[in-house]
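# Examining the three-dimensional arrangement
Next come the chains, spelled out residue by residue.
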Amino acid sequence: MSEHYLPVVLKRDLLLPTRHRALFLTTYSAGLRVSEVVRLRPMDIDSARMLIRVEQGKGSKDRLTLLSPHLLEELRDYWRRVRPGPLFLFPGRDGRSPIRATGIKEAFAKAKCRAHIDKPGGIHMLRHSFASHMLESSSDLRGVQELLGHANISTTQIYTHLDFQHLAKVYDKAHPRAKKK
């Protein structure tokens with residue numbers, strides 16, 4: 001597979017605060033698609049079980065993904081400041097409909113520009129970054145597949161091609177013939 005087709009991934013420290021911080025952090029921290037984050041409702045946040053319910057994601061499938069303690073605190077702060085209401089976690093200007101995906105994409109492009117990030121790609125790179133960072137940390141391809149809501153594991157496997165240094169460390173640690181005597 002050519003590197004040209006590999007997704008662009010941001011380093012963890014490049015996820016900078018912006019006006020849309022809670023939305024961007026939710027997208028990244030839960031590995032959501034833009035179409036999923038715009039439809040999130042406050043009732044989809046399960047702080048007792050530390051989960052986020054994604055209803056009718058790609059392929060009209062429901063799934064659960066993770067709610068990190070950091071994201072929960074960020075969302076609580078966002079809730080106190082914005083008071084979005086019961087319909088959508090990230091409402092549009094009228095308060096009755098979700099924020100528009102085009103608005104999110106434009107805000108992300110502006111945030112990248114302000115942060116001097118010249119890597120190509122849009123907000124979907126937050127999802128790619130989530131997948132890559134999860135695999136770097138755990139090497140659990142099947143678990144990441146579930147969190148992303150991929151029907152086929154081959155879709156998730158693309159992220160194993162991104163960090164060869166990490167894969168070499170996993171190999172050296174796990175493979176019985178790689179250990180030096």
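Residues numbered from 1 in each chain as written. Predicted model: local features only at pLDDT ≥ 70, side-chain atom pairs only at ≥ 80, totals over all residues. Heavy atoms only, no water.

What follows covers the overall build of the protein. Within the protein one finds eight helices and three strands. Residues classed as buried in the protein amount to 39% of the 181 residues present. Of the contacts made within the protein by residues no fewer than 6 positions apart, 54% connect residues no fewer than 24 positions apart. Surface summary for the protein: the accessible area is close to 11100 Å², and the carbon and sulfur share equals 55%. (Helix = DSSP H or I, 4+ residues; strand = E, 2+ residues; numbered from the N terminus. Buried < 20%, exposed > 50% of the residue type's maximum accessible area, 1.4 Å probe, protein only. Contact = heavy atoms within 4.5 Å. Areas by Shrake-Rupley, 256 points an atom, 1.4 Å probe, with all protein chains shown as cover.)

Let's shift gears to the pairing of strand β2 (residues 51–54). Strand residues, when the strand is regular, have side chains that alternate between the two faces of the sheet. Pairing analysis gives two bridges linking strand β1 (residues 45–46) to β2, with the strands arranged antiparallel. For D46, the partnering residue across the bridge sits in β2 and is L51. What sits between β1 and β2 in their antiparallel hairpin is a turn of four residues, with M50 showing a positive phi close to 60°. Bridge count between β2 and strand β3 (residues 63–66): four bridges; the pairing is antiparallel. (Pairing = 2+ DSSP bridges.)

It is worth spelling out the pattern of salt bridges at this point. Per the stated rule, a full pass over the model turns up ten salt bridges. Through salt bridges with shared partners, a single network forms among R41, D44, R53, E55 and D62. (Salt bridge = Lys/Arg side-chain N within 4 Å of Asp/Glu carboxyl O.)

Before going further, it helps to spend a moment on helix α3 (residues 69–82). With 14 residues, α3 extends 20 Å from end C-alpha to end C-alpha; this agrees with the ideal 20 Å at 1.5 Å per step. When we look at burial in α3, the residues that qualify are L71, L72, E74, L75 and Y78. Take α3 and look down its axis: the buried residues cluster within an arc of 160°, on one side only. Exposed positions of α3 whose direction lies more than 90 degrees from the buried face are P69, R80 and R81. Tucked inside the fold, the buried residues of α3 contact α1 (21–30), β1 and β2. (Expected span 1.5 Å × (residues − 1). Arc of directions from axis to C-beta.)

Where a protein is soluble and globular, its nonpolar side chains tend to be buried together. Judged by nonpolar contacts, the single largest core of 36 residues is most densely connected at L23, F24, V37, L75, F90, I104 and I123. If you list the elements that add at least two residues to this core, you get α1, α2 (34–37), β2, α3, α4 (101–114), α5 (124–138) and α6 (141–148). Of the residues forming this core, the biggest block, six residues, is contributed by α1. (Core = buried A, V, L, I, M, F, W, Y, C linked by side-chain atoms within 4.5 Å.)

This part is about the environment of P98. Following the sequence through the fold, P98 ends up in the loop between α3 and α4. For P98 and F88, which are ten residues apart along the polypeptide, the C-alpha to C-alpha distance reads 5.8 Å. Apart from the residues lying within four places of it in its own chain, the contact partners of P98 are V38, F88, F90, P91 and G92.

Attention now moves to the confidence of the model for the protein. On average, the protein scores 79 in pLDDT, and the residues at 70 or more come to 76%. Here helix α8 (residues 164–174) stands out as the least confident element of the protein, with mean pLDDT 67; β1 is the most confident, with 96. Within the model, pLDDT remains below 50 along residues 12–18, and this stretch shows 13 contacts once partners closer than five positions in the same chain are excluded. (pLDDT = per-residue confidence, 0-100.)

What follows concerns unusual backbone geometry. Note: most peptide bonds trans; most residues except glycine with negative phi. Despite not being glycine, M50 has its phi angle at roughly 60°, a positive value. Within the secondary structure, M50 is located in the loop between β1 and β2.

It is worth spelling out α1 at this point. Within α1, nine of the ten residues are buried, which leaves the element mostly enclosed by the surrounding structure. Residues of α1 that are buried: A22, L23, F24, L25, T26, T27, Y28, S29 and A30. Looking one or two residues past α1, G31 carries a phi angle of roughly 65°, positive in sign.

A pair of packed helices is captured by two measures, namely the crossing angle of their axes and the spacing between those axes. α5 packs onto α1 with a crossing angle of 40° between their chain directions and a minimal axis gap of 7 Å. Between α1 and α5, the interaxial angle falls into the category oblique. Crossing of α1 against α5: the hand is right-handed. When α1 is examined against α5, the residues F24, T27, Y28, S29 and A30 are found in contact with a partner set consisting of L126, S129, F130 and H133. Here the residues of the contact of α1 with α5 sort into five nonpolar, four polar and no charged. (Axes fitted to C-alpha atoms, helices over the stretch in contact; angles between N-to-C directions. Parallel < 35°, antiparallel > 145°, perpendicular 65-115°, else oblique. Left-handed = near helix turned anticlockwise from the far one by under 90°. Nonpolar A, V, L, I, M, F, W, Y, C, P; charged D, E, K, R; others polar.)

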